Amino acid sequence: MTFQVLLNCTIGLALNIGLFAQGGGRDSGIGTLPGNPTNPTRPGMPTQPGQPDNSAPDIRPVLLTGKVVMEDGTPPPEPVTIQLICRATPRSIGYTDSKGGFAVDLNDRKNAGTFADASEDPNSFGGNSGRPNSLNPGGNSNSGITGRALMGCDLRASLAGFRSDVMHLDARHSLDNPEVGTIVLRRLANVEGLTISATSALAPKDAKNAFQKAQNFERQQKWADAGKEFRKAVDIYPKYAVAWYQLGLVQEQEKNREAARKSYAQALAADGKFVSPYQALAVMASQEQKWQDVVDDTDHLLRLNPVDFPQSWLFNALGNYYLKNMDAAEKSAREGISRDAAHQYPDLNHVLGIVLAMKRDYSGAVEQLRNYLHYAPNAIDTEQVMKQLAEVERVMKPEAKKEGAAAGKQ
């Protein structure tokens, strides 16, 4: 039996998913994914704010301020994402500064969607597919935040390889003191791979100054100027892994992929436990449909850190699917689902459903495809997946009859 509907719909699955290759719209615990072709700014560095919108209503700010420190009391070596978690679903709302401090306005327009109906709709953010138009929080995002909107919400820092203290916001009101205190990041046991590099702390002052200048140019999308400053930083300090990685992102922005690959390789040579270059390399490989490279790069990343990157399990599963390694694809998809408690990557269910259908586990395929439609109700490929589900259910019926007849003969 051939599943033409399934095959037709999975031909473009890698491009449709878009999580790795386009940075997604979800929070992965590390901010925007490296390799985002429209915004290569690294996790932890906010983009340049735009001009104020004079049509916006006058909404009272709701400020949260605090500090993030490592377990030894020192500030993080690089900016860390600050996340708001409502109904078990995280959303990035800001970043720490060079001293570990943060200040976020929950009524800032760029964060408005975070609160759209979080207190009422459990699928506000959880039912994302990572595709355009899949985030459908509903409600009036211009109405501002009330005390009720923070019920069931927590605040934490997010850095791969670490676990964060959690600040509970249930009792907080808009006029309260904005200070929430100090959030401590604690290193996870048995996790080697991080999105920060140990080499950054050893960089000379001149290299750090060049790096900061480059980041400022990045925010202004002045890619040539950013590239010159990142190049200056690595010339001064060749083991500056994060600068090599950032240089690679800029080179990708400038469509110079071969130079970017070399820069990512230099970043890994400087710090083999810095996982972001593996992500970026997997991005390019997936865009070019080099599935063995996708598998190899994500294998490296997941050996270093199997905990914090469900999207890497997704692309590992997808790469193995296209290489016809169905057992490996199933294993990776299941592992990714187990690591994705908030269901931010429902495409894992989709890929697993397709793999199980190919392995003739029809009941398992039906379950996973239904899960995908449940967790991503507004995805742009809903109609395609419904066709896939109908095809599997159609095939499953005669198979069930055959099994029943065989059981009756026994």
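Residues numbered from 1 in each chain as written. Predicted model: local features only at pLDDT ≥ 70, side-chain atom pairs only at ≥ 80, totals over all residues. Heavy atoms only, no water.

Caption draft 1: Here's a closer look at the sheet that holds strand S2 (residues 81-86). The strand order S3-S2-S5-S7 describes an open sheet built from four strands, whose pairing is antiparallel. Looking at strand neighbours, the two that pair on one side only are strand S3 (89-95) and strand S7 (166-168), the edges of this open sheet. Each strand of the sheet is rotated relative to its neighbour by a mean of 25°, with strand direction disregarded. Note that strand S5 (residues 153-158) and S7 share three bridges and pair antiparallel. (Pairing = 2+ DSSP bridges. Helix = DSSP H or I, 4+ residues; strand = E, 2+ residues; numbered from the N terminus. Axes fitted to C-alpha atoms, helices over the stretch in contact; angles between N-to-C directions.)

Caption draft 2: Quick look at the side chain of aspartate 154. Its place among the elements puts aspartate 154 in strand S5. This buried residue, aspartate 154, is left without a salt bridge; arginine 156 holds the nearest opposite charge, at 8.0 Å. A distance of 2.7 Å separates a polar atom in the side chain of aspartate 154 from a polar atom in the side chain of histidine 168. Leaving out residues up to four positions away in the same chain, aspartate 154 has contacts with Gln83, Leu84, Ile85, Val166, Met167, His168 and Leu169. (Buried < 20%, exposed > 50% of the residue type's maximum accessible area, 1.4 Å probe, protein only. Lys, Arg positive; Asp, Glu negative; His and termini not counted. Salt bridge = Lys/Arg side-chain N within 4 Å of Asp/Glu carboxyl O. Polar contact = N/O pair within 3.5 Å; in protein donor to acceptor, adjacent residues only side chain to side chain. Contact = heavy atoms within 4.5 Å.)

Caption draft 3: Summary view of the environment of valine 180. Counting through the fold element by element, valine 180 comes out in strand S8 (residues 179-187). Distance from valine 180 to leucine 64, taken between C-alpha atoms, is 6.6 Å for residues 116 residues apart in sequence. Setting aside anything within four residues of it in sequence, one finds valine 180 in contact with Leu64, Thr65, Gly66, Phe102, Leu155, Met167 and Arg172.

Caption draft 4: Representation of the pattern of salt bridges within the structure. Counted under the stated rule, the structure contains 13 salt bridges. A salt bridge links lysine 359 to aspartate 327; its shortest N-O distance comes to 2.7 Å. With lysine 359 in the loop between helix H12 (347-358) and helix H13 (362-375) and aspartate 327 in helix H11 (residues 326-339), the pair connects residues that are 32 residues apart, well separated along the chain. Judged by relative accessible area, which is 57%, aspartate 327 ranks as exposed. The salt bridge partner of glutamate 391 is arginine 394, with a shortest N-O separation of 3.1 Å. A residue pair is termed a helical-turn pair when its members lie 3 or 4 positions apart in one helix, as glutamate 391 and arginine 394 do in helix H14 (residues 382-409) at three residues.

Caption draft 5: View of the side chain of serine 164. Structurally, serine 164 is set in strand S6 (residues 162-164). Within the structure, the side chain of serine 164 is placed 3.0 Å from the backbone nitrogen of alanine 157, a separation counted as a polar contact. Residues contacting serine 164, with those up to four places away along its chain left out, are Arg156, Ala157, Ile183, Val184 and Leu185.

Caption draft 6: Spotlight on the sheet that holds strand S1 (residues 63-70). Taken in spatial order, the four strands line up as S4-S1-S8-S6 in an open sheet, and their pairing is mixed. Each edge of the open sheet is held by one strand with a lone partner, namely strand S4 (101-105) and S6. Within the sheet, the average angular offset between the axes of one strand and its neighbour, ignoring direction, is 25°. Direction of pairing for S1 relative to S8: parallel, over a ladder of six bridges. When the bridges of S8 are listed, valine 69 appears paired with valine 184.

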